[in-house]
Each structure stands twice: as C-alpha cells, then as structure tokens.
Amino acid sequence: MAAFVVSPLKMGPLLVLWLAVCLSGTWAVDRGNFKTCDQSAFCKRQRALKPGQSPYRALLETLELTNTKLTLQLINDNNKVRLLLELYRLQGNMTRVKINELKPLKPRFEVPDVLINDPPTEPLSLLSRDENGVVLSLGADSQRLIVSAKPFRLDIMEGREVLLSLNSRGLLAFEHLRIRKDTKVDPEGTENKEETEAANEPAEGEEKAKEDEKVEDGMWEETFKSHTDSKPNGPSSISLDFSLPGVENVYGIPEHADSLKLKATDGGDPYRLFNLDVFQYEVFNPMALYGAIPVMLSHSAQRTMGIFWLNAAETWVDISSNTAGKTVFGQMLDYVQGSSETPQTDVRWISESGIIDVFIMLGPTPADVFSQYASLTGTQAFPPLSALAYHQCRWNYNDQEDVAAVDQGFDDHDIPYDFIWLDIEHTDGKRYFTWDHHKFPQPKDMLQGLLDKRRKMVTIVDPHIKVDSSYKIHNEIRSKGFYVKSKDGGDYEGWCWPGNSGYPDFTNPEMRAWWASMFAYDQYEGSMENMYTWNDMNEPSVFNGPEVTMHKDALHGNWENRDLHNLYGLYVQRATAEGLIERSGGVERPFVLARAFFAGSQRYGAVWTGDNAAEWDHLKISIPMCLSLGLVGVSFCGADVGGFFKSPSTELLVRWYQTGAYQPFFRAHAHLDTPRREPWLFGPENTALIREAVRQRYALLPYWYQLFYHAHHSGQPVMRPLWVEYPQDTATFSMDDQFLLGRDLLVHPVTEEGARGVTAYLPGKGEVWFDVHTFQKHNGAQNLYIPVTISSIPVFQRGGSIIPRKARVRRSSSCMEHDPYTLFVALSPKRFAQGELYIDDGHTFNFDKQKQFIHRRFSFANNALSSRNLAPGSQFTTFSWVEKIVILGASKPSKATLKTPDGKESLLEFEFDASMSVLTLRKPGVNAGLDWTVVLQ
C-alpha cells in the first residue's frame, strides 16, 4: 500500500490531520516528494564530470599477482589519493573488479549477505608487461584483460574484439573520506588524531596535493524540503563508466515503470535505484520505485553480457548510445552511405557511498548470463505449488464473516482460488502479529474453514512497529536494543500506519533470528500451517521521512542507512521466510511476498510491482516490469490485477485477469476506497470471462510448476523476452508487449482499450506455432494479425514442444493434486518434440533433502511418444495418470499402441480432425510416474 491514501480507521487525529495535508486531494505521484539528480548533491557533483582524460593512473610497480587475484594501486594525480584495485577471474566466465581506498580514514561499506558464497576463482596468467600496462589471460576463447596505466583503463577482449571497457571515458571518480576543513572534529569512526593524520599522508616519494579540494554545497550537509542530512562522513560517492562496443540494447536495473529496453538518459535524469514508497507511480519514467537490483544486461546478435554493480547505497545509472537519437531514416541513411560507425552503448554507475565492486558476466549466451548471475546471488526460491495459483486480496476484508462470504462466493460462481489475503485492518490497531478480536475473534476457526477446502490465507506483517508500551513486540525489540538508531543514538522513530513507529534493524542477524521466532505457532496467536505472510512497506516507508523513507544518517550498528538502504527490504523478507521455515521444523516451503527488494531477494519469495492504478498504461507496463525482474533473477513477479488505485472498467478488469493469468504471480488487489470487485460483481458475462481466465491458469499449473523448478535449479527466468530464446532475431530486441513462458508458450495479451485485433510476432525461421485455443498452425518469422473479441487471450505453443496440463479444474490447486494429466504435443518439421513433467508433494523441502520427486522427459520421434525418467536417483509416487494425449500437426494413424516396460501392449482409442490435423488419443491410463511408449502406425 502506498503511504498517502488511507482510511481514518483506528488512527489518531494528529496522524489523520497530517495525512490530509499530504494528500491534498491528489491521486497521482507528487514528484516534488522525490529527488531528481540535480537535487541529489552527490549525483549532481558526479554528473558534472564530463568524459575526458582520467586523472587516475596505474602504478605498475605495485602490481602483485597471486593464484587468486591481481592487486594494483591507482593514484589520482590531482589529489594524490591512492586506490587499491583488485582483479579476479571467476569460474564460469566472469571477472570481478574491486576498487577501494588504499588507506581509508575508516572502513567503507562492503555489501554482505547478497553473494551466496565467496565466488570461486581461477588463476590469472600474465601474458605481457611493459611501461604502458599489462595483458592478462582470462583463459577461454582467447579472452584477455588489458590494464592500461596512463590513464588507467581496463579492456576485456576476445580475439581482436573489445567486449567491454572500464574507464574508457575517464569517469572513474572516487570521493575519498577526509577530515572536514572547517571543524576540528574528526570523522566518525577514526580512532584518534594520529591515525587520521597518518592515513592522509602520501606514500613515500610523493607530493601532497598542491591545493585543497573544493568544498561544494551538499558535501557535509544536505537539505531536501524540510529534512536535513547531517553527512557526518562527508562526501563518499563513487562512479565508474563502462563502454560496450557493438551494443545497442541494454536491459535490467529494475525497478522502474518503463520499457524493457532501457533508454538513453542524455538530456534527462539517470535511472535511479533507491527503494522508495512511491504513491501511484507514473509509467515510462526513470524514477526510483520500491526495489533496486543493480544488474544490467547487454545484448546483441553476437553476445549477451551482464554487469552486476554490488552496492546498496542510492545509485544512479546513466546510459548513452551513439545510435539512440537516430530516426529509422537516419539509420537507413547510414546503411546506404556505408557508415562505418560501430554502435556503442556507454553506461555510468554512480553510488553515494561504499566501494566499487562489480561483476562482469561475459555470457556469451543469455542462458550463460542467467547461470552466471545465479552462481553469485542464488536462484528463485521454489514456491509451494499453491502459490502459483490465484490469490484474492483487497485492503481490507472486513471480518471473519466477510472472509467466509468471499470464500463461498468463489464456490458459488465456480471460480477456483487458493489464497485469500488480509491487509492491515485485520490487526489490533496496526499492531502486527495480532488480530482485531472484535472482527476476527476466532482466527483459527477461520483458517480451519479454509483448510477444510484446501485453501490458505496470507496476513500482512509490516516492518514498522507501533511504539506502545502495552505492545509485546515493541517492548521486546526495545529491550533487546534491536531498533534502528537515530544519528543521536536513540531509537529511530517515524510515522507509518500505526502512527509513531519504530523500525527494527533487520541488518542485525540477532534481530532477524528474533523476528523469525515470532512466527512460531505459539508466538503468533491464531496462526496455523495454512497461513503465510506479506511484507509491505519494507523500503522502509516512513511517512514523515525524507522522500517518504528513512533518514540516511540513521544508524544500523556502525553503518549509516545511506550505506545499505537498498538492503533493508531483502533482510525483512529473509527474516520472515526463515521464520515460516522454522515454525515447521524446516519441513515446509515458505511463501512471502515483499514490495522492496535487492539482488538476492529471489532466494526468499515473491515480489509485485506495487501500488499501480486501474489504467490501461499500468496494465501494459506490468509486462516489461516483470520481464525486467526475470532477467535479473526474480521470476516470481506480478502486478495487482485490476489496479490498486481507482476503479477499472469491466473491459479493463477482464483484460487484466487475462493478462495476470499468464504472469508468474497472479493476485487481484484493490484499495480500501474503491468499490468491491470480486469477480462475480460485474454481471454474468464478465464473471464467465474472468472464470475462464482463472481456469486457464489452473489447467497450466503443471507447466508453471515445472518452469519454477527449472528457475530454482538453473536461474533461467520463467517469463522471458523473446530475444532470450531467439538471440539473433533483431526484431525481438525491443519487444515488450508479448513474452514467452519458458521457451514453449508465447503470450500476447490484449492491453489496448476497445481492441479488435492484435499483431503478434511469431519468431523463428522454420518454426511453427499453434494457437492453444483453436489449434490453428502458423509459421514462424512473421507478424500475425489476430482478430480478437473480449474473450480472446492470444497464446501459442511452439512446434517441437510437449506441455502437460490438468483439464479437471477444481476449487483449489490442492484439490487437483491427484488428478490426471493431458499432454499437448505440438509437432514441428524442424525438430523432434520434447517436454517435461515435474511432480513432488507441492509444499515441502523433501524434493531437495530427500530427493522425493518425479522428473520425466517426454519425446516424440519417429511416430512414437515416450516417457522416460530424468532423475533415476529420486523416489516419489503419484496417483495421477495420463488420461489424454493431443497431438497437433499430426497425420492420421491406422492404430495407436501403448507399450509398457512389463511387455504389455494395448490399443488406444483415438480421434482425428483432418481439418486441423489434430490427433486425440484417449485413456492411455498409464501412471504419470512410469515409463511408457505410444507407437503410431
């Protein structure tokens, strides 16, 4: 929920008055609440530096090469401050570059807990060295790393091709920690004056800087609106530029409500990464939103690469391109005139504090980059199967009777759902881990009623704690000293939903362990095993704070919030997920939804795109927003179906359900002040349309589950841009109105109001694609115009694939556990058809700890469809069977024979539709976990 639209329920008069002033009757983002680069002192300072000769040079005489790394000192010839460069060659075709001060006045922050381990290294070997630099071997494919001395520059080459350059535009800038000149007070953290002075002494044989560095506004104190940032450590920002020859397309760095392909930022603000609670955000805007993942992918027809900038402070990313401003005519003119200018994209990263710690992922394929990034930060948590089904939410379901009525409404209208959600009003005065005992007097009875129908509930637990001496959670956090501290050392307090609130310091592992323990069934009153958790407002949101968040000089132990701000949301979700695991004794998989996130958040659950609006543009933007997240590891993404703010038209609501049914996280949600919008409230025709969209989701759950299993094991995204599977097809590079699920389903949702048709691009020369609704076959490498009605959801299955479905849709996914499968086999003249089926118990870690799962490969070749075991070491049994096989693009056989390993053979009934070339084999009746073959003759 956003900060500035609120019910006065259970709020004190002062908070209501304050919020009323902030609201001012508007339903759109107030840009004045959030900084531009010009209003952010460090961004303005850094951006004022223009490309040119770098003042940094490498001191080659300091070079040291070991089995694990190269170290080398750099010096800024303007101020004589030395930096320490560390270069690592990492396993898996990656290079790590770290730059820090050689002798900082105090330690600079280095991001913990994001990398899953210390990345394993491979030896660097020295190929050549002279007074101009050194050349190192990166091993595979003639890859070399060239370190130029004056000015300092790094180039990574493969053969004669430059893949990537660092500091080629001379924008490396490292603001060293220093003593404030107009005060005798030493910077925070220096032990004594002697150490401070010694740290600033130049190395032997060097001169001190000839003149004092210029002191600019905002270096030692900065004011934005009514908030002053004390900046006790002074200026500490860092910057580095990267050049990507041959690259015109870059992606990633979520979260922004913008196109999938990132735009050049010349003439406007850079993309900002700073976790903020942004009220009803605008689309097509580089403003910061709720989450920040500092990972960018570059792609061309020749190679895919990635840059992971491991820094949790406020960060701005500038992008420029030598082709960005050219019209199509201009590009054609270049082609006709034989222009020899090589496309190039230049990227500059600017962060407020910390060190430079960057991972360069050299691909060369999209799948390689996904695997490389997963090896650093981990893969998507494998969710319970039910979490992939449909979720019903609003702010707020009023009481137990309301929950029961909504639950029954789904049954009465034959619409499946798995989770019903409770927002902040279910608590006792916004005291999390509690219930309003007037509205929810018997929460366990309510949960048991859902459990009897094999359904579940999510309750909200936000990371701001009501300051109230009668509130157990607050008292324990305060007594243990677990709150974030203000710059003066007291508990940091700010305004949020409960009124005056404290903010637990989730960067403290002891605090996280205590928080996790609060989810135990004997601690969280009224909780049961079918109740899961939602962490909202975890940026953190502070209604009366600067930019609606925490003051940067607030303290997390020895570190300022400025150093680690973007990590806070990850730590909240982590502690909550660990709590849900612990309450089950480590048996059950958790489900936790969070709004704020960082690199590595994928390990802990799902995210959503925040407080969107019931507008067509917000429906459209949900596609590139989730695609961007998938590219950087977070596959479990969705948008509030119908829009959180405002009220959708029935057409928009239906189209949003149709789109959301094909996005990874599928939840309807709405604001407190909007009319109720349960699926049956818009007339029988619209109820039927929504029912059909939800039922399509449930039928595809076996495929969704398989995709998440692969995402968990390999880091490959579930929802993918087309270029991921067709990396040489330049027509796909900018597409973000359609997408792939895995590699075998292509979805082009209808997102235009009043649309009578859409044009879908079917990729792949020689490919064929089948409409999943009509079974009509279409050739690849074409733009296909598709007439649509309000019931249309254009979805296509790739020829050469086999997709399992469950046709018997029931009230919840758990009710479908033992139901049979239907296999859809789409034939292709280009390849044999293949597919997979993954089955486990759907909710525990037994798939991992005890290898209790089924993983099978389906193959269709030479008129035979077979099922074989992909995991011989696993053990699991299923009651499900294969009840039907539908083969698209088939020829009519004379007979179809089922063969099993025990030597038995049986003839199968079949039907053949000659007009559509569809063969349907009925009642094979074979267990889904066994080997079998169907032979067509």
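Now for a look at the structure at hand. Just so it is clear, the structure is predicted and the values come from calculations on it, not from any experiment.

### Here's the deal with the state of the cysteines
Inference 1: The full count for this structure, using the stated rule, is two disulfides.
Inference 2: In this model, C37 is linked to C43 through a disulfide, with the two sulfur atoms separated by 2.0 Å. Between C37 and C43, the S-S torsion sits near -100 degrees, and that sign places the bridge as left-handed.
Inference 3: Disulfides within the chain link the bonded cysteines, taken in sequence order, as 1-2, 3-4.

### Comments concerning the sheet that holds strand β48 (residues 864-869)
Inference 1: What the 11 strands build is an open sheet, ordered β51-β50-β54-β48-β47-β46-β44-β45-β49-β53-β52; its pairing is mixed. The open sheet is flanked by β51 (905-907) and β52 (909-913), the only strands paired with a single partner. For this sheet, the mean angle separating the axes of adjacent strands, direction not counted, is 20 degrees.
Inference 2: Where helix α15 (residues 701-714) meets the sheet, it contacts β44 (801-805), β45 (821-826), β46 (833-839) and β47 (854-861), and its direction lies at approximately 85 degrees from that of β46.

### Things to note about helix α7 (residues 443-452)
Inference 1: Along α7, the positions that sit buried rather than exposed are P443, M446, L447 and L450. Along the long axis of α7, the arc covered by the buried residues comes to 95 degrees, so they all point the same way. Among the exposed residues of α7, those oriented more than 90 degrees off its buried face are D445 and D452.

### What about the packing of helix α14 (residues 684-699) against α15?
Inference 1: Close contact between α14 and α15 brings their axes to 5 Å; oriented N to C, the two are set at 55 degrees. As far as their axial angle goes, α15 and α14 are oblique. Across the interface between the two elements, R697, Y698 and A699 of α14 pack against L701, P702 and W704 of α15.
Inference 2: Looking at side-chain class alone, the contact of α14 with α15 contains five nonpolar, no polar and one charged residues.

### Re the pattern of salt bridges
Proximity of charged atoms lets side chains of opposite charge pair with each other.
Inference 1: Considering all chains together, one arrives at 57 salt bridges under this definition.
Inference 2: A salt bridge links E547 to R272; the shortest N-O distance between them is 2.7 Å. Taken as a pair, E547 in the loop between β28 (531-535) and β29 (555-556) and R272 in strand β16 (residues 271-273) lie far apart in primary sequence, 275 residues in all.
Inference 3: Of the residues examined, E547 reaches a relative accessible area of 5% and is grouped as buried.
Inference 4: Looking at R272, the relative accessible area reads 2%, which means it is buried.
Inference 5: Of the charged contacts in the structure, one is a salt bridge between E314 and K552, with a shortest N-O distance of 2.3 Å. Of the two residues, E314 sits in the loop between β18 (304-309) and β19 (315-321) while K552 sits in the loop between β28 and β29, which places them 238 residues apart along the sequence. The two residues E314 and K552 agree in class, both being buried.

So, how was this worked out
- Residues numbered from 1 in each chain as written.
- Predicted model: local features only at pLDDT ≥ 70, side-chain atom pairs only at ≥ 80, totals over all residues.
- Heavy atoms only, no water.
- Disulfide = S-S within 2.5 Å.
- Pairing = 2+ DSSP bridges.
- Helix = DSSP H or I, 4+ residues; strand = E, 2+ residues; numbered from the N terminus.
- Axes fitted to C-alpha atoms, helices over the stretch in contact; angles between N-to-C directions.
- Contact = heavy atoms within 4.5 Å.
- Buried < 20%, exposed > 50% of the residue type's maximum accessible area, 1.4 Å probe, protein only.
- Arc of directions from axis to C-beta.
- Parallel < 35°, antiparallel > 145°, perpendicular 65-115°, else oblique.
- Nonpolar A, V, L, I, M, F, W, Y, C, P; charged D, E, K, R; others polar.
- Salt bridge = Lys/Arg side-chain N within 4 Å of Asp/Glu carboxyl O.

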